[in-house]
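# A look at the structure
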Amino acid sequence: MSTIVTVSEVKCQKCYACVQNCPVKAIKVKDSKAEIVTERCISCGYCLSVCSQGAKRMKDYQAEIAKWRQYEEKLIACLAPSFIASFTECKPQQVVTALQRSGFEQVYKVSLGARMLLEDYDDYLVTSELKNLISTACPAITNLIERYYPELVPNLIPLVSPMIAVAKLIKKEHPKSRVVFIGPCVAKKSEIKQEEATEIIDAVLTFKEIKEIFRNQGIEELRELELSSFALSKLPHSDNFPLAGGLVANLDSLSADEALITEGSQSVIRLLEAISEEEIEVQLLDLLFCQGCIDGPEIDSQLSIFAREKLINEFLEKQGVSNKESSKEDKLPSLDFSRQFERRVVELPMPNQEEIEEILNYTNKFTESDLLNCGVCGYSTCREKAIAVYQDLAEIEMCLPYLLEEFQKEVDYYKEKLSLNKDTKYSFRDIKGKSQQIKKLKAQARQAAQTRSTILILGESGTGKELFAHAIHNASPRRSGPFVKVNCAAIADTLLETELFGYEKGAFTGARQDGKAGKFELADQGTIFLDEIGDMPLQMQAKILRVLQEKEIERVGGNEALEVDLRIIAATNCDLHHKMKKNKFREDLYYRLNVITIKIPPLRERIEDLPVIVDYIITKLVAEEKIPRKKLSNEVLVKLMSYDWPGNIRELENLIIQTFSLATDEIIKVKELPNYIIEQSSENNSGLTDRVNKETGIRPLGELVAELEKEAIQKTLNLTKGNKKKAAELLQISRSTLYQKLDRYSF
């Protein structure tokens, strides 16, 4: 089936009204823009009605009709009987005149086609052994059943719609004509693409579109036009067809209590579910997807549905009761009105419970109380939306509560940064972790921040030593003073003294004329952070010792001692005890620095903190780089938590940045991790898992549940001799759930 409705990416504005109102969820959201999934669409037109931005456009035949008119091809209109409820300002015969003036040579009423089908309907109802036969006048209904209730396809009465019936008559009498259906129904535009309508109906116009054609041609005051007759107007017509129960009212073969009349999308869907569950049994189901054809999406009437129904009834009273038998001279040719329906189901993958939970967890939904089911995303429940995400119909970030939470995270992130000293980047809130180790360490560092003591931070490369230094300064009484960082390993030995202590004018060739203040001077009233102090040359260590002892410095080339009031925070990834034994680090300096020691554990020793750290890194990345948020799958987290992380948090952060840059999906999968992560984590896990399974006989829970389910279903089907309804009742699950499990386990 070709696309009937298209979407303008420019106009689509993330309101998700189309998703919310599509009764079969045939809308896919990609990059925050809606797309129509053609093979799932039933062409009901609801998305057109609710799109406030005008982003939805339906197939338009106006240009083709204008071309046919230009080439003087014979145009014949077949007018839906609900036109009475749309053209309310004039008489029916004046609508005929307007159509003739716009280029149509003749105008037929589709209600003639409805009358022509009655005999075939009666014959089929009498001869068929099936119950719950379904009328096939409404293409939205037949589309719905073919795509979503394939088990009910045999129940569809194999007859064409009244539109095709009257069009067949027109083509029989005028084989070279162009037949154009005019009505309130969008689904008719898809119906003419079906095989049964090929070369029968050439185009479909809605009431709104034909009125636009009238305006463009200057045909506006229809009530002032003369009266013209419909083609074959003397033949019996079924003009009550656009009303609910119109078909049943015209049939001879059954009484009212043998039929069930249902209209409106929600009522129809609930009824079809009940029929699928074998809860209802009647002879005929007369179904209309809208509230009757007088409520079609393109009816273009300002009147209420009740006023429209009143107009139709008044018209029927004026027409009088038509004779069912036509006169001999008006006998119609014998035509074949049969058609076939087929299953057009598009199977979508169904997630298991674990996969649904993973998607829900992405949007911070971990318990039942987190499932707000607010419906803003267009889906009734959070679980329904999670399934749509799995099926690639929805995007994870369509969740408004989640987006608000993430937005608040960004706001808090920027608030925190604005509150920091201009020289520092981090506070204790930036140190993430839920392990007891990190909690105790943060408490110790907070306490140390309130003292004047020198602090020595120890830890492997990448563990966050600088982050702790920043946080200590920001939590200390010196927070309003400067924070000066010096990487002792990054400065050449010959330059380190002038960098730290500064120099007087003329101290050496090339020195600035006004001299230069060193890092210690710049840190006065604040904090100096000496990173990688274990790599500092011995001769410089002696000078640092003097600063610690005397609280004063002397510039290079100067004679005057300058007092400085500062705190020193030093950090190293070296084993200073080993360096002291090798005479590469002064023992007296070590004890001066080691007043308060903070030893940061490597990431592998607090691996339970990894998910929290990952979430923080992602929030920071999203806020600073303005990129879409992604999340790691549970499998990825397992791999990351099984890795040793020799580069610690710095390595983890680099990995997240790399993966975000290369991944295209919202959930990052294992395949997108570097090979060295996958290989090492697999080695770490496989041995333990194999040993535990072998020793204890433990198997994966999902595997055990699947095996038990399959066995229970097989036994129940054997017991009920294949009766799926009874099997579902015994298993206390719905039939639809049973069918899904039958497919999953390949019964």
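An account of the accompanying structure is given in this report. Since the structure is predicted, the reported quantities are computational estimates derived from the model, not experimental observations.

So, on to the overall build of the protein chain. Of the regular secondary structure elements, the protein chain holds 29 helices and 22 strands. For the protein chain, whose C-alpha radius of gyration is 39 Å, the value lies well above the compact-globule estimate of 27 Å for 747 residues. With the C-alpha coordinates aligned to their principal axes, the bounding extent of the protein chain is approximately 130 × 70 × 40 Å. Counting over 747 residues, the protein chain shows a buried share of 50%. The contacts in the protein chain between residues at least 6 apart in sequence include a share of 76% that link residues at least 24 apart. As displayed, the protein chain offers around 36800 Å² of accessible surface, 48% of which is attributable to carbon and sulfur atoms. Positive and negative side-chain charges in the protein chain, numbering 101 and 113 respectively, have mean positions lying 4 Å apart.

Across all of its chains, the model carries nine aromatic pairs by this definition. Considering the side-chain rings of Phe 483 and Phe 529, the 6.4 Å spacing of their centres and the 25° angle between planes classify their relative orientation as stacked. Here Phe 483 is found in strand E13 (residues 483–487), whereas its partner Phe 529 is found in strand E16 (residues 527–531), with 46 residues between them in sequence. The exposure class of Phe 483 is buried, given its relative accessible area of 5%.

Attention now moves to the pattern of salt bridges. Within this structure, the stated rule accounts for 33 salt bridges. Ionic pairing is found between Asp 239 and Lys 109, a salt bridge with its closest N-O pair at 3.3 Å. Residue Asp 239 is located in the loop between helix H9 (207–216) and helix H10 (246–250), and its partner Lys 109 is located in strand E6 (residues 106–109); the two are separated by 130 residues in the primary sequence. Both residues of the pair, Asp 239 and Lys 109, count as buried. One salt bridge connects Lys 211 with Asp 300, and the closest N-O pair in it is separated by 3.1 Å. Here Lys 211, found in helix H9, pairs with Asp 300, found in the loop between strand E11 (284–288) and helix H12 (305–319); they are 89 residues apart in sequence, far enough to count as distant. Salt bridges sharing partners connect three or more residues here, namely Glu 73, Lys 171, Arg 178 and Asp 202.

There is about 1000 Å³ of room inside the second largest pocket. Residue lining of the second largest pocket: 31 residues in total, with Ala 394, Glu 395, Ile 396, Asp 665 and Glu 666 positioned closest to the centre. A breakdown of the residues in the lining of the second largest pocket according to their chemical character gives 15 nonpolar, two polar and 14 charged.

If you trace the backbone, Asp 286 turns up in strand E11. At 12 Å, Lys 188 is the nearest oppositely charged side chain to Asp 286, a buried residue that forms no salt bridge. Side-chain polar atoms of Asp 286 contact the side chain of Ser 135, separated by 3.2 Å. Here Asp 286 is in contact with Ser 135, Gly 245, Gly 246, Leu 247, Val 248, Leu 260, Ile 261 and Thr 262, once residues within four sequence places are set aside.

With that settled, consider the environment of Asp 531. Here Asp 531 is to be found in strand E16. Asp 531 gets classed as buried once you look at its relative accessible area, which sits at 10%. Residues Asp 531 and Asn 573 lie 42 residues apart in sequence; the distance between their C-alpha atoms is 9.3 Å. Those residues in contact with Asp 531 that sit more than four places away from it in its chain are Val 486, Asn 487, Cys 488, Ala 489 and Ala 571.

Before going further, it helps to spend a moment on the state of the cysteines. Applying the stated criterion to the full structure yields zero disulfides. Cys 22 carries a free sulfur, and the closest cysteine sulfur to it, the one in Cys 44, is 5.8 Å from it. The structure places no disulfide on Cys 574, whose sulfur is separated from the nearest cysteine sulfur, that of Cys 488, by 11 Å.

Definitions and cut-offs
Residues numbered from 1 in each chain as written. Predicted model: local features only at pLDDT ≥ 70, side-chain atom pairs only at ≥ 80, totals over all residues. Heavy atoms only, no water. Helix = DSSP H or I, 4+ residues; strand = E, 2+ residues; numbered from the N terminus. Rg over C-alpha atoms; globule rule 2.2 N^0.38 Å. Buried < 20%, exposed > 50% of the residue type's maximum accessible area, 1.4 Å probe, protein only. Contact = heavy atoms within 4.5 Å. Areas by Shrake-Rupley, 256 points an atom, 1.4 Å probe, with all protein chains shown as cover. Lys, Arg positive; Asp, Glu negative; His and termini not counted. Charge placed at Lys NZ, Arg CZ, Asp CG, Glu CD. Phe/Tyr/Trp six-rings, centres within 6.5 Å; stacked < 30°, edge-to-face > 60°. Salt bridge = Lys/Arg side-chain N within 4 Å of Asp/Glu carboxyl O. 1 Å grid on protein atoms, 1.4 Å probe; cavity = no way out; pocket = protein on both sides within 12 Å on 5 of 7 lines; lining within 4 Å. Points joined across faces, edges and corners; volume = space filled by probe spheres on them. Nonpolar A, V, L, I, M, F, W, Y, C, P; charged D, E, K, R; others polar. Polar contact = N/O pair within 3.5 Å; in protein donor to acceptor, adjacent residues only side chain to side chain. Disulfide = S-S within 2.5 Å.

The values reported here are purely geometric and, on their own, carry no functional implication.
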